[in-house]
Amino acid sequence: MDPGLFALLIVAAIFAGWVDAVVGGGGLIQLPALLVAFPTAPPALMLGTNKMASVCGTTISAITYARKIKLEHRLLWPTVGLALLGSGAGAVAALAVSASALKPIIIAVLLAVLVLVIVRPQMGLEPQPKLRTPMRGAALMLAAGVGVAFYDGIIGPGTGIFLSIAFTTIIGFDYITAAAHTKVVNAATNIGGVTVFALQGNVWWVLGLTMGVGCMLGAWFGARTAMARGSGFVRVVLVAVVLALLARLSWDVWNTWNA
């Protein structure tokens, strides 16, 4: 591999790890970097390699958050269990379902997320304990552990954003507490996805693990940055990443329609 190209992939992994730890959406940076670097490689191989690197980053950010933020274990671990299954099912479906067919739907969901964050500027800045009811807890488990996890297995970029919105809107976590729980669930979705890709032989192990080191560095710094700067900072990054993801997906859809 060209040393310059290799260095750029490591830089992309570090930045992706930082973004993913703060608000999610690191796949927006890392996966396109892999696809551009290896345009003739099978997409499934790039998806699996991206997952391998992401596992490293989300695991480190989850540990970093968990050392400072109290986790709601009775809510978290059932969601994690569902997420392992959901993401694995998504990874299996990735071989049969065209990602391009799903992108318009994802754009619509992201637009809804953007509108929600803008019209509710106080959302996620302060915790809302009154929302933590058993029914809402069950709704979160299904939304995050099944719906978002399946999406992560089949496509991936933006998973952390959807998880964060689920934790803030459904059970009223602030953005920092949501990030702590999101990273644990996201680590599970990545593990479920990469397991399926690995069993199919769709992981480039040396590259994935090497980029994983970059992800770990970025994730450690990103988690510490988010906790130091607070929920207001996370909200700003959230809006920026959603706009970037919308632009990226819209460009992909436009190119597909005009191909």
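Shown above is the structure to which this text applies.
Just so it is clear, the model here is predicted, and its values are computed rather than measured. (Residues numbered from 1 in each chain as written. Predicted model: local features only at pLDDT ≥ 70, side-chain atom pairs only at ≥ 80, totals over all residues. Heavy atoms only, no water.)

## Points about the overall build of the chain
So, step 1. A count of helices and strands for the chain gives ten helices and zero strands.
So, step 2. Dimensions of the chain, computed from the C-alpha atoms along their principal axes, are close to 50 × 40 × 30 Å.
So, step 3. For the chain, buried positions account for 57% of its 259 residues.
So, step 4. Contacts in the chain between residues at least 24 apart in sequence constitute 85% of all its contacts with a sequence separation of at least 6.
So, step 5. In the structure as shown, the chain presents an accessible area of about 11400 Å², 72% of it carried by carbon and sulfur atoms. (Helix = DSSP H or I, 4+ residues; strand = E, 2+ residues; numbered from the N terminus. Buried < 20%, exposed > 50% of the residue type's maximum accessible area, 1.4 Å probe, protein only. Contact = heavy atoms within 4.5 Å. Areas by Shrake-Rupley, 256 points an atom, 1.4 Å probe, with all protein chains shown as cover.)

## Details of helix H6 (residues 134–154)
So, step 1. For H6, with 21 residues, the first-to-last C-alpha span of 29 Å sits near the 30 Å given by 1.5 Å per residue.
So, step 2. Turning to H6, its buried residues are Gly137, Leu140, Ala144, Gly145, Val148, Ala149, Tyr151, Asp152, Gly153 and Ile154.
So, step 3. After H6 finishes, the residue Gly156 shows a positive phi value of roughly 120°. (Expected span 1.5 Å × (residues − 1).)

## Digging into the packing of aromatic side chains
So, step 1. Applying the stated criterion across every chain yields a total of four aromatic pairs.
So, step 2. With a centroid separation of 5.8 Å and an interplanar angle of 5°, the aromatic rings of Phe167 and Phe173 are classed as stacked.
So, step 3. The exposure class assigned to Phe173 is buried, which follows from its relative accessible area of 1%. (Phe/Tyr/Trp six-rings, centres within 6.5 Å; stacked < 30°, edge-to-face > 60°.)

## Some thoughts on the environment of Ile155
So, step 1. Looking at the secondary structure, you find Ile155 in the loop between H6 and helix H7 (159–171).
So, step 2. On the basis of relative accessibility, which here comes to 12%, the residue Ile155 falls in the buried class.
So, step 3. On a C-alpha basis, the gap between Ile155 and Ile107 in space is 13 Å, while along the polypeptide they are 48 residues apart.

## Some details on a nonpolar patch on the surface
So, step 1. On the surface, a cluster of nonpolar side chains totalling about 240 Å² of accessible area is made up of Leu82, Leu142 and Val146.
So, step 2. By secondary structure assignment, the location of Leu82 is in helix H4 (residues 73–93). (Patch = residues over 30% accessible without salt bridge, like charges linked within 9 Å, V, L, I, M, F, W, Y side chains within 5 Å. Salt bridge = Lys/Arg side-chain N within 4 Å of Asp/Glu carboxyl O.)

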